[in-house]
Amino acid sequence: MKHRITSRTRARKRAVDTIFEADQRGELSPDGIRELLAARKQVTAAQTPLPEYAIEIVEGIAERIYQIDDLLVLHTTTRDFDRLPSADRAILRVGAWEIVWNNDVPPVTAIDEAVTIAKEISTDDSPGVVNGILDAVRKDAARVRQTDEAFAAALAPRDEESDEPDETGEALDDSSEQLNIS
């Protein structure tokens with residue numbers, strides 16, 4: 001059965017192309033990816049406009065590139081992530097972002113799309129490798145999201161005056177006695 005090419009499939013391929021290019025240029029940093037994306041948004045006579053969904057993917061990867069790569073390194077158990085073909089690494093980055101940080105795409109769809117792209121542009125072994133790694137990412141996605149939420153909560157600004165109870169159940173306010181250490 002032939003895979004149906006959708007506008008999202010084309011957008012994913014363009015995102016993979018952009019991330020692949022950033023990797024080849026040695027610009028896999030948030031700023032490097034954003035600069036390349038800005039250049040790709042400039043439409044020339046030789047190319048079509050970058051689809052909005054491709055832009056969303058690339059921006060999401062730029063925001064979380066180090067976290068995505070750490071996650072992929074963790075789940076690449078049969079060999080080193082850096083030794084995978086560059087095309088596979090780009091496909092995996094797109095797939096991992098969709099699985100963990102895009103609630104609009106079911107994880108199985110993200111994996112299926114990544115495997116399909118791997119079949120088209122990479123080695124004969126790549127679809128199986130991509131499938132295995134992204135399935136491990138899928139199984140770990142809830143933990144990653146919980147860690148993100150806990151980190152965001154820890155960094156959230158707090159009110160200096162709070163009538164919220166602390167761990168002991170006592171309300172905190174400015175009238176609390178200060179400790180006197182002599």
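Placed above this text is the structure.
Anyway, here's the lowdown on the structure attached to this text. (Residues numbered from 1 in each chain as written. Predicted model: local features only at pLDDT ≥ 70, side-chain atom pairs only at ≥ 80, totals over all residues. Heavy atoms only, no water.)

Before going further, it helps to examine helix H6 (residues 126–155). Bending of H6 peaks at approximately 50 degrees at the position of Asp140. Where H6 is concerned, the buried positions are Ser126, Pro127, Val129, Val130, Ile133, Leu134, Val137, Asp140, Ala141, Val144 and Asp148. At its buried positions, H6 is contacted by helix H3 (52–75), helix H4 (86–101) and helix H5 (107–121). (Bend = angle between axes of the 7 residues up to and from the residue. Helix = DSSP H or I, 4+ residues; strand = E, 2+ residues; numbered from the N terminus. Buried < 20%, exposed > 50% of the residue type's maximum accessible area, 1.4 Å probe, protein only. Contact = heavy atoms within 4.5 Å.)

We now examine the side chain of Asp69. If you trace the backbone, Asp69 turns up in helix H3. Exposure remark for Asp69: the relative accessible area of 17% places this residue in the buried category. Sequence-distant contacts of Asp69, that is, excluding residues within four places in its chain, are made with Phe81 and Arg93.

This paragraph deals with the nonpolar core. Ile33 and Ile61 are the most contacted members of the largest nonpolar core, which totals 46 residues. Mapped by element, the contributors of at least two residues to this core are helix H1 (7–24), helix H2 (30–41), H3, H4, H5 and H6. Residue contributions to this core peak at 11 residues, all from H3. Apart from residues lying up to four places away in sequence, Ile33 is in contact with Ile19, Ala22, Glu27, Leu28, Val58, Ile61, Ala62 and Ile65. (Core = buried A, V, L, I, M, F, W, Y, C linked by side-chain atoms within 4.5 Å.)

Here we take up the packing of aromatic side chains. Where two aromatic rings form a pair, the distance of their centres and the angle of their planes describe that pair. The full count for this structure, using the stated rule, is zero aromatic pairs. Positioned above the aromatic ring of Tyr53, the side-chain terminus of Arg8 is 3.9 Å from the ring centre. (Phe/Tyr/Trp six-rings, centres within 6.5 Å; stacked < 30°, edge-to-face > 60°. Lys NZ or Arg CZ within 6 Å of the ring centre and 35° of its normal.)

Okay, the side chain of Ser126 next. Along the chain, Ser126 falls in helix H6. Within the structure, the side chain of Ser126 is placed 2.7 Å from the side chain of Asp88, a separation counted as a polar contact. When residues no more than four places from it in sequence are discounted, the contact partners of Ser126 are Asp88 and Ala118. (Polar contact = N/O pair within 3.5 Å; in protein donor to acceptor, adjacent residues only side chain to side chain.)

A few words on the environment of His75. In this structure, His75 sits in helix H3. On a C-alpha basis, the gap between His75 and Ile133 in space is 5.7 Å, while along the polypeptide they are 58 residues apart. In terms of polar contacts, His75 uses its side chain to reach the side chain of Asp140, at 2.9 Å.

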